[in-house]
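# Descriptive structure summary
Chain by chain, the residues run as shown.
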Amino acid sequence: KSSQLSRLRRTLQILPLTLAMLGVLHAIQRPGPLSNFLTTTSRVHRAAHLRARRVSASAGSSAFDSMRKLRMPTTKGKTPVVLLMCGSFSPITLLHLRVMEQARDYFAFNSDFEVLGGFISPVGDKYEKPSLAPAIHRRSMVCLATRSNPWLCVDTWEMERDVWSPTKEVVEHIRQQTNDYIRTHVDTPSVEAKVMLVCGMDLLAGFRDSNLWTDDDLERILKDGLVVMPRDGTSTEEALALPRLAPYLDRVHVLPYDNPNAVSSTLVRDLLKAGRSPRYLLPDDVLEYIYAHGLYMDR
């Protein structure tokens, strides 16, 4: 009897709290001031979270904002260089990022160049390529993919122009912007950084088409040098043997073939259209952004 009375007293002690909690749950589920307040608060928090993500993703909109990770030349006897990757990035993949890391390592251990930083420049909407997501989404995805990287920045000059920009103009823009920035931060005005385009072997092989790539294109793109990643299906030997490249071969840097580079933006889009998962082919933040905005889902 004593134990029964003890259990009864405990039950009576927690009964008011239990009833109060049931009342709150009922009030939340029933339309009224409390449920409206909680719903509104939840929406405000979600909206604030999305705004924070958008603000983070939009960093780097102005010219010098995109230079915020660029470091100044420090190594005597080495030529400063910045790396540039152009493309659609619809969407950006882990292979894009991996190639940039490999290019930086190549110069750190195998050359007389000092890498100051790297830029990713998404093409603008005027390029009018099929399957090209709107620039605002591609910019956000590239920013999400690089925000934790200590040396890669997103440059939006090409993307924000009202006309399509040839690659040579993007290279020259980065060269001008980089050296203007360096001159404001170093005491030696004669220091000038080179800009090297990082690309796949398929682009190098494409230089054989003089209608697509003029002599002026080659001269201005290869002025400082070119960094090339071998690709399946494109012969490195044949690409390097192009007669048009002969004057520039000492400026062409071929990276070691260390990446399983069947990964591509096309593969990611195809998987999404088929309702399959492209996870681990691109950064998780980028994949979440794609799902949140319903990109590349049309079958």
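Sequence order as written defines the numbering, with residues in each chain counted from 1. The predicted origin of the model limits local features to residues at a pLDDT of at least 70 and limits the giving and counting of side-chain atom pairs to 80 or more, whereas totals for whole chains, interfaces and linings rest on all residues. Excluding hydrogens and water, the side-chain values take into account all heavy atoms of the structure.

### Some remarks on the overall build of the protein
The helix count covers DSSP runs of H or I at least four residues long, the strand count covers runs of E at least two residues long, and both are numbered beginning at the N terminus. Secondary structure assignment for the protein yields 11 helices and 6 strands. Of all 299 residues assigned to the protein, the portion counted as buried reaches 43%. Any two residues having at least one pair of non-hydrogen atoms within 4.5 Å are treated as being in contact. In the protein, 78% of the contacts between residues at least 6 apart in sequence involve partners at least 24 apart. The Shrake-Rupley method, run with a 1.4 Å probe, gives the accessible areas here. Residue values count only the displayed protein chains as cover. Working note: accessible area of the protein is about 16500 Å², and carbon and sulfur atoms make up 56% of it. Using a 1.4 Å probe on the protein chains alone, a residue whose accessible area is under 20% of its type maximum counts as buried, one over 50% counts as exposed, and one in between counts as partly exposed.

### Details of the sheet that holds strand β2 (residues 113-122)
Sheet architecture is open: 6 strands sit in the order β3-β2-β1-β4-β5-β6, paired in parallel fashion. Edge strands, defined here as strands with exactly one partner in the open sheet, are β3 (152-154) and β6 (252-254). Between one strand and the next, the sheet's axes are offset by a mean angle of 25°, whatever the strand orientation. Two strands make a pair as long as DSSP finds a minimum of two bridges between them. Looking at chain direction, strand β4 (residues 194-200) and strand β5 (residues 226-229) are connected through 4 bridges and run parallel. By the bridge assignment for β5, Leu197 is matched with Leu226. For helices, the fitted axis covers only the stretch in contact; all axes are lines through C-alpha atoms, and the angles between them, taken along N-to-C directions, range from 0 to 180 degrees. Its contacts with the sheet put helix α6 (residues 167-183) on β1 (79-87), β2 and β4, and the angle it makes with β1 is roughly 140°.

### Comments concerning the pairing of β2
For β2, the buried fraction is high: 10 of the 10 residues fall into the buried class. With the strands aimed away from the viewer, a crossover counts as right-handed if its path from the first strand over the helix to the second runs clockwise. In terms of handedness, the path from β1 via helix α3 (residues 94-110) over to β2 forms a crossover that is right-handed. By the bridge criterion, 3 bridges tie β2 to β3 in an arrangement that is parallel. Paired with Gly118 across the two strands is Leu152, which belongs to β3.

### A word on the confidence of the model for the protein
Every residue is assigned a pLDDT by the predictor, reflecting its confidence on a scale from 0 to 100. Across the protein, the average pLDDT comes to 83, with 76% of residues at 70 or higher. In this model residues 37-49 is a low-confidence stretch, pLDDT under 50, and it forms 1 contact with partners more than four residues away in sequence or in other chains.

### Some details on the packing of aromatic side chains
Stacked, tilted and edge-to-face pairs are distinguished by plane angle, under 30 degrees for stacked and over 60 for edge-to-face with tilted covering the rest, among Phe, Tyr and Trp rings (Trp via its six-membered ring) whose centres lie within 6.5 Å. According to the stated counting rule, one finds 4 aromatic pairs in the structure shown. Between Tyr106 and Phe107, the aromatic rings sit 5.1 Å apart at their centres with planes inclined by 85°, giving edge-to-face as the arrangement. Pair check on accessibility: Tyr106 and Phe107 agree, each one buried. Ring geometry for Tyr127 against Trp164: centres 6.5 Å apart, planes inclined by 25°, an arrangement best described as stacked. Pair noted here: Tyr127 is in the loop between β2 and α4 (135-146) and Trp164 is in the loop between α5 (157-160) and α6, with a separation of 37 residues, a long-range link. Using a relative accessible area of 40% as the deciding quantity, one classes Tyr127 as partly exposed. On the accessibility criterion, Trp164 (45% relative accessible area) is partly exposed.

### Describing the pattern of salt bridges
Every case where a carboxyl oxygen of Asp or Glu lies within 4 Å of a side-chain nitrogen of Lys or Arg is listed as a salt bridge. Per the stated rule, a full pass over the model turns up 16 salt bridges. One salt bridge in this structure joins Arg183 and Asp180, with 2.7 Å as the shortest N-O distance. Note that Arg183 and Asp180 are positioned in helix α6 at a spacing of 3 residues, about one turn of the helix. The class for Arg183 is partly exposed, based on a relative accessible area of 37%. Owing to a relative accessible area of 30%, Asp180 belongs among the partly exposed residues under this scheme.

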